[in-house]
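Take a look at the letters that make up each chain.
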Amino acid sequence: MGSVVDAANKEATESAHINKKVTVVFVLGGPGSGKGTQCANIVKHFGYTHLSAGDLLRAEQNSGSENGAMIKNVIKEGRIVPSEVTVKLLQRAMEQSANDKFLIDGFPRNQENRAAQENRAAFESVIGIEPEFVLFFDCSEEEMQKRILNRNQGREDDNMETIRKRFRTYIESSLPVIEYYNSKGKVRKIDATKPVEEVFEAVKDVFAPLNDKVAY
Ligand code: ADP
Ligand code: C5P
Ligand code: MG
């Protein structure tokens with residue numbers, strides 16, 4: 001305690017975290033519920049930086065990373081990539097950003113993601129930060145399926161076989177995470193079955209008080 005080595009270790013640990021105060025909002029909801037679409041609106045309107053765990057994983061897969069084949073296979077099977085990989089990608093993106101407000105879309109997606117998110121020591125994670133709230137896009141499976149099949153972004157997981165697996169993962173693994181945050185009073189639930197503009201009106205109502213708090 002108090003030795004030069006301890007001081008050096010402490011410094012190294014602190015520098016692995018973000019030094020500034022950051023605001024984090026988790027954006028959760030089933031596949032195709034409109035997370036990415038609404039995040040783009042929130043970015044324009046409220047100045048957040050949007051980090052989609054799925055987008056970061058796809059970029060990592062395409063970068064020739066040693067984890068590329070594993071990520072590709074997990075995404076095709078509609079399962080969840082081990083947190084160690086995803087947390088590192090999110091951490092790097094946050095560190096590289098000059099912003100201090102982040103929308104983290106599609107994470108934490110299962111209990112293992114959530115445990116990793118809360119365990120700063122294990123991953124030296126900058127996202128061991130308590131979210132301001134969890135924005136939850138609630139949408140019927142029928143509507144989500146229709147949207148995914150019309151998405152046309154050339155995604156390898158937007159086919160009927162993988163969609164079924166993704167829905168199962170959502171119900172079995174992601175909904176319990178949303179339930180957990182709900183029990184902590186953190187969830188702001190939005191009816192995401194409505195048209196994009198109407199959904200964004202509801203989203204604005206959730207963000208407006210937060211903006212007021214920052215302004216005064
Ligand atoms: P997610 O990121 O949750 O998987 P996206 O934002 O990619 O969902 O939306 C999936 C598809 O549905 C996209 O093609 C998008 O344009 C469309 N979409 C998003 N929100 C709505 C909405 N409220 N009504 C109709 N279509 C929507
Ligand atoms: O959010 P998005 O639909 O882009 O995610 C696509 C896929 O990426 C998921 O079905 C899952 O296989 C993978 N993913 C993951 N861990 C996350 C987010 C996404 O493994 N936290
Ligand atoms: Mg998305």
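Residues numbered from 1 in each chain as written. Chains lettered and ligands numbered in written order. Predicted model: local features only at pLDDT ≥ 70, side-chain atom pairs only at ≥ 80, totals over all residues. Heavy atoms only, no water.

Engineer: Help me understand the overall build of the protein in this model?
Structural biologist: For the protein, the helix and strand inventory stands at 10 helices and 5 strands. Across the 216 residues that make up the protein, the buried fraction comes to 45%. Considering only contacts within the protein whose residues lie at least 6 apart along the sequence, 78% involve residues at least 24 apart. Summed over all atoms, the accessible surface of the protein reaches about 11,500 Å², with 49% contributed by carbon and sulfur. (Helix = DSSP H or I, 4+ residues; strand = E, 2+ residues; numbered from the N terminus. Buried < 20%, exposed > 50% of the residue type's maximum accessible area, 1.4 Å probe, protein only. Contact = heavy atoms within 4.5 Å. Areas by Shrake-Rupley, 256 points an atom, 1.4 Å probe, with all protein chains shown as cover.)

Engineer: Sorry, what's going on with the site of ligand 1 here?
Structural biologist: In the neighbourhood of ligand 1, the contacting residues comprise Gly30, Gly32, Ser33, Gly34, Lys35, Gly36, Thr37, Arg147, Arg151, Lys194, Pro195 and Val196. Interatomic distance of 2.8 Å between a side-chain N/O atom of arginine 151 and an oxygen atom of ligand 1. Taken by itself ligand 1 offers 550 Å² of open surface, and the protein chains cover 76% of this. Here the shell around ligand 1 takes 3 residues from helix 2 (residues 35-46), the largest share from any one element. Its residues placed into classes, the shell around ligand 1 shows 2 nonpolar, 6 polar and 4 charged. (Near = heavy atom within 4 Å. Polar contact = N/O pair within 3.5 Å; in protein donor to acceptor, adjacent residues only side chain to side chain. Nonpolar A, V, L, I, M, F, W, Y, C, P; charged D, E, K, R; others polar.)

Engineer: Hey, could you run me through the sheet that holds strand 5 (residues 187-191) in this one?
Structural biologist: Whether parallel or antiparallel, the strands of a sheet pair through hydrogen bonds between backbone atoms. Strand order in this open sheet of 5 strands is 2-3-1-4-5, and the pairing throughout is parallel. Whereas interior strands pair on both sides, the edge strands pair on one side only; in this sheet they are strand 2 (49-52) and strand 5. Averaged over all pairs of adjacent strands, the angle between their axes in this sheet comes to 20 degrees, without regard to strand direction. Where strand 4 (residues 133-138) and strand 5 come together, 5 bridges link them in parallel fashion. Within strand 5, the residue paired with phenylalanine 136 across the bridge is lysine 189. Packing of helix 2 onto the sheet brings it into contact with strand 1 (23-29), strand 2, strand 3 (101-105) and strand 4, and relative to strand 3 it is tilted by some 175 degrees. (Pairing = 2+ DSSP bridges. Axes fitted to C-alpha atoms, helices over the stretch in contact; angles between N-to-C directions.)

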